[in-house]
Amino acid sequence: MPVQYYIFLSIALFCIGIMGVLMRRNAIIIFMCIELMLNAVNLLLVAFSKMWVDAGRVDAASAQLFVFFVMVVAAAEVSVGLAIIVMMYRNTHSVDINILSRLKN
Amino acid sequence: MIHLVWLVPFLPLLGFLINGLGRRYLSKPLTGIVGSGSVVAAFVISLLIFFEVRTPGFTPQVVTLFDFISVGSLHIPFAFQVDQLSALFLLIITGVGSLIHIYSTSYMHDESNEGFARYFAYLNLFVFSMLILVLGANYVMMFIGWEGVGLCSYLLIGFWFKNIEYNKAANKAFIMNRIGDLGFLLGIFLLITQFGSVTFSEVFEKVPSVGADSGVLFAIAMLLFIGAMGKSAQIPLYTWLPDAMAGPTPVSALIHAATMVTAGIYMVARSNVIYSLAPHIQTIVTLVGLATALLAASIALKQNDIKKVLAYSTVSQLGYMFIALGVGAYTAAVFHVMTHAFFKALLFLGSGSVIHAMGGEQDIRKMGGLKKWMPITNFTFLIGCLAIAGIPGLSGFFSKDEILAHAFGYSPVIYGLALIGALMTAFYMFRLYYITFTGKFRGTHEQEHHLHESPGAITFPLIVLAILSVIGGYVGMPAVFGVPNLLAEYLSPIFAPSAPFLHAHHLSHSLEWGLMGLSTGLVIVMILWARSKFANYTDNGEPSTGIAKVLENKWYVDELYDAIIVKPLMVLSRFFQDVVERSGIDAVVNGVGSAVKWGGGRARLLQNGQVGFYIFAMVIGMIVLFVISLFL
Amino acid sequence: MGIDMIIFTVLSAIAIAAALGVILSKNPVNSVLCMITCFVAIAGHYIMLNAQFLFVVHLIVYTGAIMVLFLFVLMMMNLNADIEPQKRNWLKYAGAISGGALLLVLVAALRDASLPAIQEGGKTDIGLVSNLGKTLFTSYVVPFELSSVLFLSAMVGAVVIGKK
């Protein structure tokens, strides 16, 4: 099975994530779309890892560890990001990101 | 001794540094001792060098201190050339310089401590620059000194810088000199491109190979002569010199009579090979010198400022020197430089003594009868006048007669005109003498009460210079007297290379005696005429008319320059200021500013605070980057 | 078409459909549920790619922890009703078009890339805990320790922000 299939799947997921970020104003949805993009990259990393293992490389486990670290960072990011969104909701009673543009004044 | 020649310019430089840096701390006597002492010491060394140079079999020596410029194949060493010409100029500069320094210690005594030290610092710097000028072994060194003396001249003319008129005079001198300096500089560049060297010995060796009367030599000689015109105050660049009398009188004596203004003569004499090979330039030099001599002499006839008369007299005498250079009588020119240094310095210092006694008054119509109060000044001034008028037995007679004799050999017409100039010289000098020193005193009572003979520091240089003015001529007696011409023999090695290219005109002895008798007789007639006219001068206060008025206004040359050069230049400058600057350059600068401001105002709208828009822009950017990197 | 190809196609279809559901559904709770579906499909891909450990971690961290956290926050804010005011339409289309353009560009760029194919069978133990653990605690021990510091600071940050 060509690795291109996984690449295209990842691209599709990534672009859907980008579209979501661009089209929605709900901060939580945007946040989820970012997670979706991270996962698209993770999937690609794992696919490449498998590809190189089959090609005979012995150090291909690194790619999977990168996915692991991405998950670590994502978890940390989510904890802080959600805290910020909660704060924002508490102050404005909304999760509309355009409300935040009030910051410019 | 020759290898110590660097001490000669170094000592005045040291004096300049001490006086210049310590001007706030040194007392007046100390300043005077440092200032004068350094020049006197330089004079002593110059004297020793001179005697060494005079010994038979001496060959010119070059003392190289260090490599000044070394670019590609061009090497310009910082070197001093000691030969007959430079040794003679060393003597004149340090000798007259020492006397004038001593004179200045008394003349400038009313200055503040700091002004006194500043004055001596400038004067020492001038002597240093002048020595560099004459000692340099190449044209670049000469140019360094050339610029240095120009700077010092500017500083000293504007010494009393609180007077706006004096500052204007200083600016005028500086700018006029700048025109000449540009010519000199271009001449040096042309020398470099043509000969690949600026060292005197190398250039003069290669000059004959270019061929006489060639265009390149014409251009080089003309450009160098333009430089000489500026520095030596020849038509059309002479108008700065009379205005330069704004400086202190000893400065006028040293810089604007004895030394700096003769730099042009020195340069042409030094480059005699080039000029001898460019006969058309020689004709131009002769005509310019002649025109200057006549014009300045005619102006001097009607001037009433004691220093202005002497200034125009200086311009006129410089004209004579250029006549001599033009007709190929280089020795005569250098001879006249020497004698002129003596008697013109004497006359200036004498006028300084008079001005000192008169409490700063310079108008001769307000003087008169000063003989009674100032016997030494009167006597020495009289000797100076006799010398410059050309009375037999005094130095001016021998040098001027030699020039006139050579001019006759060149062309009797030029001789005739030069003789008229010489007669005018005699007339205006004795007009000056009689109005100032004889008759009744015409000043105020206060001034009359104040009149006194000047102190020793002033009269001593006067006496020494008077003696030199008398005996200075005997080193260059014409052949008809049957005495060897010491100066011509001494200088012959310098001018030997150009001798083959000159057409010497030997006058018969009887003709020379005749010319001498003619000029002497006419000069005496002139003196007696001046005596009858001005011995009992009274100022009738009537405004002069006709030609006298034109002469009094200096042929309106300043006005003419003002109208044809200064005014159009001012109009042009105003045009540039009002139109080009304001609506051209300013508009561009302000336009750039407002364009950036306007663009910033528009671009600011991109930062609208909408996160969605930022991400959108980011994605667009990503797409563009991908397209560029992957498909282009 | 082998069994792996069938599984791949099915999982991919589920993942893309669920991802589209995330961005298109009006109710945020539905979005979260779609997201969970999508993550499960991706986890299935991990199994297919012999990444057993990542499969487990992915399920636990993403599906179990992160998405539950999202759901929890949504519930707490009571955002189940669609309170989102609509964006201006042109911006919505611009977003869709630019995302689609990126998709096209990337696909076009990588279509002809020559890479080794993924084979059936082969080495299957690369994604096991023992293998990854060895690599993690030898080559990547410093990033691992640093990530613990990151977690600590993230925790402190979340507490500080939340307490205000």
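Colleague: When you look at the overall build of chain B in this model, what are you seeing that I'm missing?
Modeller: Helix and strand content of chain B: 25 helices and two strands. The long-range fraction of contacts in chain B, counting pairs at least 24 apart against all pairs at least 6 apart in sequence, stands at 81%.

Colleague: I'm lost on the overall build of chain C in this one. Help?
Modeller: The secondary structure content of chain C amounts to six helices and zero strands. Relative to its full complement of 164 residues, chain C shows a buried share of 29%.

Colleague: Would you mind going over helix 25 (residues 611-631) of chain B with me for this structure?
Modeller: Residues that lie three or four places apart on an α-helix share one face, since the helix turns once every 3.6 residues. In this model, helix 25 of chain B (21 residues) spans 30 Å end to end at C-alpha, consistent with the 30 Å of a helix rising 1.5 Å per residue. For helix 25 of chain B, the complete set of buried residues consists of Gly612, Phe616 and Val619 of chain B. Seen from one end, helix 25 of chain B has its buried residues packed into an arc of 60 degrees, which puts them on one side. Looking at helix 25 of chain B, the residues exposed on the side facing more than 90 degrees away from the buried face are Ala617, Gly621, Val624, Leu625, Ile628 and Ser629 of chain B. In this structure, the buried residues of helix 25 of chain B make contact with helix 1 (4-23) of chain A together with helix 4 (89-110) of chain C.

Colleague: Looking at this structure, how should I read the interface of chain C and chain B?
Modeller: Many descriptions give the size of an interface as the accessible area lost when the pieces come together. Counting residues at the interface gives 10 residues for chain C, matched by nine residues for chain B. Its residues placed into classes, the side of chain C that touches chain B shows seven nonpolar, three polar and no charged.

Colleague: When you look at the nonpolar core in this model, what are you seeing that I'm missing?
Modeller: Side chains of a nonpolar character, in soluble globular proteins, are inclined to be buried together. Counting 202 residues, the largest nonpolar core has Leu325, Ala333 and Ala345 of chain B as the members making the most contacts within it. Residues from two domains meet in this core; each of domain 1 (1-65 + 74-137) and domain 2 (138-495 + 505-552) of chain B gives at least three. Sequence-distant contacts of alanine 345 of chain B, defined by excluding residues within four places in its chain, comprise Val96, Ile100, Ala253, Ala257, Ala258 and Leu465 of chain B. Formed by 82 residues, the second largest nonpolar core is a distinct cluster that contains Met19 and Val67 of chain A together with Ile66 and Leu132 of chain C.

Colleague: Explain the interface of chain C and chain A here, please?
Modeller: On the side of chain A, 61 residues touch chain C, which itself brings 70 residues to the contact. Elements supplying a minimum of two residues to the side of chain C that touches chain A: helix 1 (3-24), helix 2 (28-48), helix 3 (52-77), helix 4, helix 5 (129-138) and helix 6 (141-163) of chain C.

Colleague: Honestly, unusual backbone geometry in this entry has me stumped. Any pointers?
Modeller: As a rule of thumb, non-glycine residues mostly have phi less than zero, and peptide bonds are mostly trans rather than cis. Residues and elements named next belong to chain B. Looking along the chain, the bond that leaves isoleucine 235 and enters proline 236 is cis, with omega of 5 degrees. Tracing the backbone shows proline 236 in the loop between helix 8 (215-231) and helix 9 (240-243). Located in the positive-phi region is lysine 554, a residue other than glycine, with phi close to 60 degrees. Inspection of the secondary structure assignment puts lysine 554 in the loop between helix 23 (546-552) and helix 24 (557-604).

Colleague: I would appreciate a short explanation of helix 22 (residues 509-534) of chain B in the present structure.
Modeller: Residue and element names in this part refer to chain B. Between its terminal C-alpha atoms helix 22 stretches 37 Å, which fits the 38 Å expected from 26 residues at 1.5 Å a residue. Every buried residue of helix 22 is accounted for by Glu512, Ser519, Val523, Met526, Ile527, Ala530 and Phe534. Where the residues of helix 22 are buried, they touch helix 16 (375-389), helix 17 (395-410) and helix 18 (412-437).

Colleague: Which parts of the structure should I look at to understand the environment of asparagine 304 of chain B?
Modeller: All names here are of chain B. You can see asparagine 304 is positioned in the loop between helix 13 (279-300) and helix 14 (306-326). Look at asparagine 304 and you get partly exposed, because 15 C-beta atoms sit within 10 Å. Distance in space between the C-alpha atoms of asparagine 304 and lysine 366 is 9.6 Å, their sequence separation being 62 residues. Apart from the residues lying within four places of it in its own chain, the contact partners of asparagine 304 are Asp363, Ile364 and Arg365.

Colleague: I tried to follow the confidence of the model for chain C on my own but got confused; where do I start?
Modeller: Parts of the prediction with low pLDDT should not have their coordinates interpreted in detail. Considering every residue of chain C, the mean pLDDT works out to 86; 92% of them sit at 70 or more. Confidence metrics for the complex model read pTM 0.69 and ipTM 0.89.

Colleague: Hey, could you run me through the packing of helix 5 (residues 139-157) of chain B against helix 6 (residues 164-195) of chain B in this one?
Modeller: Axes are the key here: two packed helices are described by the angle between their axes and the distance separating the axes. All names here are of chain B. Between helix 5 and helix 6, whose axes approach to 9 Å, the crossing angle comes to 175 degrees. With respect to helix 6, the axis of helix 5 lies roughly antiparallel. Residues Tyr139, Val140, Phe143, Trp146, Glu147, Gly150, Ser153, Tyr154 and Ile157 of helix 5 pack against Tyr166, Ala169, Ala170, Ala173, Phe174, Asn177, Asp181, Phe184, Leu185, Ile188 and Leu191 of helix 6. Of the residues contributing to the contact of helix 5 with helix 6, the split by class is 15 nonpolar, three polar and two charged.

Colleague: Quick question: what am I supposed to make of the environment of phenylalanine 481 of chain B here?
Modeller: All names here are of chain B. Its place among the elements puts phenylalanine 481 in the loop between helix 20 (456-471) and helix 21 (486-495). Assessed through the 11 C-beta atoms surrounding it within 10 Å, phenylalanine 481 is described here as exposed. Linking phenylalanine 481 and tryptophan 513, residues 32 residues apart in sequence, is a C-alpha distance of 9.6 Å.

Colleague: Just to check I follow, could you spell out the pairing of strand 2 (residues 74-82) of chain B for this structure?
Modeller: One face of the sheet, then the other: side chains in a regular strand alternate in exactly this way. All names here are of chain B. For strand 1 (residues 61-71) and strand 2, the ladder comprises nine bridges, and the chain directions are antiparallel. By the bridge assignment, isoleucine 69 is partnered in strand 2 with isoleucine 76. Where strand 1 folds back on strand 2, the antiparallel hairpin that results is connected by two residues, among which glycine 72 adopts a positive phi of roughly 55 degrees.

Colleague: Sorry if this is basic, but what is going on with the environment of phenylalanine 8 of chain C here?
Modeller: Along the polypeptide, phenylalanine 8 of chain C turns up in helix 1. Along the backbone, phenylalanine 8 of chain C and methionine 48 of chain C are 40 residues apart, and their C-alpha atoms lie at a distance of 8.0 Å.

Colleague: Honestly, the packing of helix 3 (residues 84-107) of chain B against helix 15 (residues 330-357) of chain B in this entry has me stumped. Any pointers?
Modeller: Residues and elements named next belong to chain B. Interaxial distance between helix 3 and helix 15 falls to 11 Å at its minimum, and their mutual angle equals 5 degrees. Relative to helix 15, helix 3 is oriented roughly parallel. Contacts between helix 3 and helix 15 involve Leu88, Ile92, Val96, Ile100, Tyr103 and Tyr107 on the former and, on the latter, Val334, Met338, Ala341, Ala345, Leu349, Gly352 and His356. Considering only residue class, the contact of helix 3 with helix 15 consists of 11 nonpolar, two polar and no charged.

Cut-offs and rules
- Residues numbered from 1 in each chain as written.
- Chains lettered and ligands numbered in written order.
- Predicted model: local features only at pLDDT ≥ 70, side-chain atom pairs only at ≥ 80, totals over all residues.
- Helix = DSSP H or I, 4+ residues; strand = E, 2+ residues; numbered from the N terminus.
- Contact = placed C-beta atoms within 7 Å.
- Buried ≥ 20, exposed ≤ 12 C-beta atoms within 10 Å, placed from the backbone.
- Expected span 1.5 Å × (residues − 1).
- Arc of directions from axis to C-beta.
- Nonpolar A, V, L, I, M, F, W, Y, C, P; charged D, E, K, R; others polar.
- Core = buried A, V, L, I, M, F, W, Y, C linked by C-beta atoms within 7 Å.
- Domains from an automatic or database assignment.
- pLDDT = per-residue confidence, 0-100.
- Axes fitted to C-alpha atoms, helices over the stretch in contact; angles between N-to-C directions.
- Parallel < 35°, antiparallel > 145°, perpendicular 65-115°, else oblique.
- Pairing = 2+ DSSP bridges.

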